[in-house]
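Observations on chain architecture
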Amino acid sequence: MRKAPVSITEILQQLESFYGGQSPCWPTDPYEFLVWWHCGYPASDAACMRGWKSLTASIGIAPERILAAGTAALTEALKPGGMVPELRAMRLLEIAARVRNEYGGDLRAALTGPIPRVRAALKRFPNIADPGADRILLFGGIAPVAAIPSNSPHVLLRIQRGWERENYGVNYREAQKALEAEVPAVFEARQRAYLLLKQHGQELCKRTKPKCAACPVQPACAYFARGSGMGPGEA
Ligand code: SF4
């Protein structure tokens, strides 16, 4: 007989006992997050933090400071964050110009009203799709949406169901539905879930070659029990 899937409450408790309590290592203000997100490429916490430190020390992040600096100085400041600093500099100029011209310099104050409209406004910024918009909504204190970390929509699906789909967007929505059903729609609970799933996707339950031997959730994980991550009809 098939075992009932382990609850998300239980999964989160196990992850928290293993990794400890988590807190965001990025700026949670929406505008600052957009800047931080473009400070590194490939975007990782470490790369973005390197570029962010360099940018804040040399130029600053206020829209006027970024616009006054221009492409060459921004490119130089963003180099510690990794690849394509010129392209990232141009994106920063685009973000700063929009925040100054369309939002009077205060993006957070403008992000009010119906959530679909706020989400659409966020997705007009470069490199912001649903995972980025959800992350801003949740950590910016705008709406306690069931955000799923962009590096780990597969985590809950693997543990509870034993397989994931090839389509990233479908995995994201399915993981989001599962979280919505079990984790209360309050900021603290959903931020905690996000941070623990992100940590687990980063450290052990990686997209390819998960490190199951070291995983605290292994005894309850349907993916591990099946010995395969492929879904019905996707083998
Ligand atoms: S046992 Fe493996 S697949 Fe399951 S949660 Fe842990 S790392 Fe991920």
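Quantities reported herein were computed from a predicted structural model and do not represent experimental measurements. Every chain is numbered independently, its residues counted from 1 as its sequence is written. Per-residue local features of the predicted model are confined to residues with pLDDT of at least 70, and side-chain atom pairs are confined, for both listing and counting, to 80 or more; whole-chain, interface and lining totals are unaffected and use all residues. With hydrogens and water stripped out, all remaining heavy atoms of the structure feed into the side-chain values.

Moving on, we come to the side chain of Q160. To qualify as a helix, a DSSP run of H or I must reach at least 4 residues; to qualify as a strand, a run of E must reach at least 2; elements of each kind are numbered from the N terminus. Within the secondary structure layout, Q160 lies in helix α9 (residues 154-161). Here a polar contact is recorded for every N or O atom pair within 3.5 Å, except that within protein the pair must consist of a potential hydrogen donor and a potential acceptor, and residues adjacent in sequence are included only if both atoms are side-chain atoms. Among the polar contacts made by the side chain of Q160, one reaches the side chain of E182 at a distance of 3.5 Å. In what follows, residue pairs with any heavy atoms lying within 4.5 Å of each other are defined as contacts. With residues up to four places along the chain from it excluded, the contact list for Q160 reads P5, V6, S7, I8, I11, A178, E182 and A222.

Near is defined per residue: the residue qualifies when any heavy atom it owns lies within 4 Å of the molecule or strand. Residues in contact with the ligand, as listed here, are R158, I159, H200, C205, P210, C212, C215, Q218, C221, Y223 and F224. The set of elements that each furnish at least two residues to the shell around the ligand consists of α9 and α12 (222-226). Amino acid classes used here: Ala, Val, Leu, Ile, Met, Phe, Trp, Tyr, Cys and Pro are nonpolar; Asp, Glu, Lys and Arg are charged; the rest, including Gly, are polar. Each residue belonging to the shell around the ligand can be placed in one class, and the counts come to eight nonpolar, two polar and one charged.

What follows covers the packing of aromatic side chains. Centres within 6.5 Å make a pair out of two Phe, Tyr or Trp rings, where for Trp the six-membered ring is used; the pair is then stacked when the planes are under 30 degrees apart, edge-to-face when over 60, and tilted otherwise. Within the structure shown, the criterion is met by eight aromatic pairs. Taken together, the ring pairs connect W26, F139 and Y194 into an aromatic cluster. We call a charge positioned above a ring when the Lys NZ or Arg CZ atom is no farther than 6 Å from the ring centre and deviates by at most 35 degrees from the ring normal. Its end group placed over the ring of Y223, R158 keeps NZ or CZ at 4.8 Å from the ring centre. Above the face of the W163 ring, R161 is positioned so that its terminal group lies 3.8 Å from the ring centre.

Quick look at helix α1 (residues 8-19) now. Multiplying one less than the number of residues by 1.5 Å gives the expected span of a helix. Compared with the 16 Å implied by 1.5 Å per residue over 12 residues, the 16 Å span of α1 between its first and last C-alpha is a close match. The elements touched by buried residues of α1 are α9, α10 (168-182) and α11 (187-203). Where α1 ends, the next residue or the one after it, G20, has phi of about 85°, a positive value.

Here the focus is the nonpolar core. Counting 41 residues, the largest nonpolar core has V35 and L55 as its most contacted members. Put simply, the parts of the chain that give this core at least two residues each are α2 (30-37), α3 (45-58), α4 (63-78), α5 (85-103), α7 (115-122), α8 (130-139) and α11. Ranked by residues supplied to this core, first place goes to α5 with seven residues. When near neighbours in sequence (up to four residues on either side) are disregarded, L55 contacts V35, C39, G60, I61, L74, A77 and L92. Residues Y19, L196, C205 and C221 belong to the second largest nonpolar core, which totals 25 residues. What we call a nonpolar core is a set of buried Ala, Val, Leu, Ile, Met, Phe, Trp, Tyr and Cys residues that are connected through their side-chain atoms within 4.5 Å. Residue burial is assigned from relative accessible area. The probe radius is 1.4 Å, only protein chains are included, and a residue is buried under 20% of its type maximum, exposed over 50%, and partly exposed in between.

This part takes up the confidence of the model for the chain. Each residue carries a pLDDT score, the predictor's own confidence in it, on a scale running from 0 to 100. In this model, the chain carries an average pLDDT of 94, and 96% of its residues clear a pLDDT of 70 or more. Predicted confidence is poor over residues 229-235, with pLDDT under 50, and the contacts of this stretch with residues over four places away or in other chains come to 13 contacts.

Moving on, we come to the pattern of salt bridges. Pairs can form between side chains of opposite charge once their charged atoms are near each other. What makes a salt bridge here is a side-chain nitrogen of Lys or Arg within 4 Å of a carboxyl oxygen of Asp or Glu, nothing more. Overall, the coordinates contain 11 salt bridges when judged by the stated rule. Measuring nitrogen to oxygen at the nearest pair gives 3.0 Å for the salt bridge that ties E16 to R192. Here E16, found in helix α1, pairs with R192, found in helix α11; they are 176 residues apart in sequence, far enough to count as distant. R192 gets classed as partly exposed once you look at its relative accessible area, which sits at 30%. Where E164 meets R158, a salt bridge forms, and the shortest distance between an N and an O atom there is 2.8 Å. A network of salt bridges, in which partner residues are shared, links E94, R98, E102 and R124.

So, about unusual backbone geometry. Of all residues except glycine, most have a negative phi; of all peptide bonds, most are trans. Following Y41, the chain continues to P42 via a peptide bond in cis, the omega torsion being -10°. With respect to the helices and strands, the residue P42 is situated in the loop between α2 and α3. Of note, the phi angle at N127 is positive, near 60°, even though the residue is not glycine. Along the chain, N127 turns up in the loop between α7 and α8. Under the relative-accessibility criterion, N127 is labelled exposed at 54%. Residue K209 is not a glycine yet carries a positive backbone phi of 50°.

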